Amino acid sequence: YLPEMLIPVMEELEDAFYTAMDDKKFNVELKKLHENYTGRPTPLVFCKNLTEKLGGARIFLKNEGLAHTGAHKINHCLGQALLAKRLGKKRLIAETGAGQHGLATATVAAKFGLECTIYMGAKDYARQRPNVFWMERLGAKVIPVTDGGQILRDAITAALRDLLAHPQNTHYLLGTVCGPHPYPAMNTFFQSVIGVEIKKQLQKETGKLPDELIACVGGGSNAMGLFYAFLDDK
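Just so it is clear, the structure is predicted and the values come from calculations on it, not from any experiment.

Attention shifts here to helix 1 (residues 7–21). Along an α-helix, a turn takes 3.6 residues, which lines up residues three or four apart on a common side. Between the first and last C-alpha of helix 1 there are 21 Å, a value that for 15 residues agrees with the 21 Å anticipated at 1.5 Å per step. For helix 1, the full list of buried residues reads Val9, Met10, Leu13, Ala16, Phe17 and Ala20. Seen along its axis, helix 1 keeps its buried residues to an arc of 125°; they face one direction. In this fold, the buried residues of helix 1 make contact with helix 2 (24–38), helix 4 (73–86), helix 8 (152–165), strand 6 (170–172) and helix 9 (183–191).

Below is the structure:
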């Protein structure tokens, strides 16, 4: 569900995203940023001890924690920040729960010289102080949300209210595969670099595809980033 006033904003973003998907210059710039800024490709680690302890499957871990800012969130944040630049936006806003998405948003905002406001449920704001500290050091304004359950869902609502008030100069950098179109498709696309890398790394390491893929799921950007490259493989 989306307020009618935001439909033109989402249509503009949708057009920019699907144009960028097919734009060689955009994809080259994003690839260079991942190589020289994010630190991609992240390593695929063979878990020798765990494999021996459990027996059976050979277990590999894709260590996204070694990406810049310490999580996979930087993948879609860089992609969306480049889109925001294309659209001439001067300001990024975002919601965050544990703080990793907020930290990645604050980081790309600082890199591209954009103003940044992060909404965070008051409960998360209190229990995730280290990430709040780093967001603020990067120049972001972090606002605790005291409405509702004071968690991630309420932070998303607050961010949408902000976008309603400032639709012209603001890009809402939604951090997962939920919300209005094109966010689910867009964040899946930007996170798909995870699965694409795994495919190449596993082929090099084992010469075959995995039998099973396992991901933790919060909002789903990590899981969809892993699964997407394998959807056509039986």
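What follows is about the side chain of Ser221. Mapped onto the elements of the fold, Ser221 is located in helix 11 (residues 221–227). In this structure Ser221 comes out as buried when scored by relative accessible area, which is 1%. A distance of 3.0 Å separates the side chain of Ser221 from the side chain of His72, its partner in a polar contact. With residues up to four places along the chain from it excluded, the contact list for Ser221 reads His72, Lys73, His76, Gly175, Thr176, Val177 and Gln191.

Judged by nonpolar contacts, the single largest core of 49 residues is most densely connected at Leu83, Val108, Phe112, Met135 and Tyr172. Broken down by element, this core gets its largest block of residues, seven residues, from helix 4. For Tyr172, the residues in contact, after removing those within four places along its chain, are Gln80, Ile93, Ala94, Glu95, Ile156, Ala159, Leu160, Leu163 and Tyr183. With eight residues, the next largest nonpolar core counts Ile194, Leu202, Leu226 and Phe230 among its residues.

Successive side chains on a regular strand alternate, one facing one side of the sheet and the next facing the other. For strand 4 (residues 115–121), the buried fraction is high: six of the seven residues fall into the buried class. Where strand 3 (residues 91–96) and strand 4 come together, six bridges link them in parallel fashion. Note on strand 4: the bridge partner recorded for Ile93 is Thr117. Handedness of the crossover joining strand 3 and strand 4 through helix 5 (residues 100–112) is recorded here as right-handed. Note: strand 4 against strand 5 (residues 141–145), five bridges, orientation parallel. For Gly121, the partnering residue across the bridge sits in strand 5 and is Val145.

The rules behind the values
- Residues numbered from 1 in each chain as written.
- Predicted model: local features only at pLDDT ≥ 70, side-chain atom pairs only at ≥ 80, totals over all residues.
- Heavy atoms only, no water.
- Helix = DSSP H or I, 4+ residues; strand = E, 2+ residues; numbered from the N terminus.
- Expected span 1.5 Å × (residues − 1).
- Buried < 20%, exposed > 50% of the residue type's maximum accessible area, 1.4 Å probe, protein only.
- Arc of directions from axis to C-beta.
- Contact = heavy atoms within 4.5 Å.
- Polar contact = N/O pair within 3.5 Å; in protein donor to acceptor, adjacent residues only side chain to side chain.
- Core = buried A, V, L, I, M, F, W, Y, C linked by side-chain atoms within 4.5 Å.
- Pairing = 2+ DSSP bridges.
- Right-handed = clockwise from strand over helix to strand, strands pointing away.

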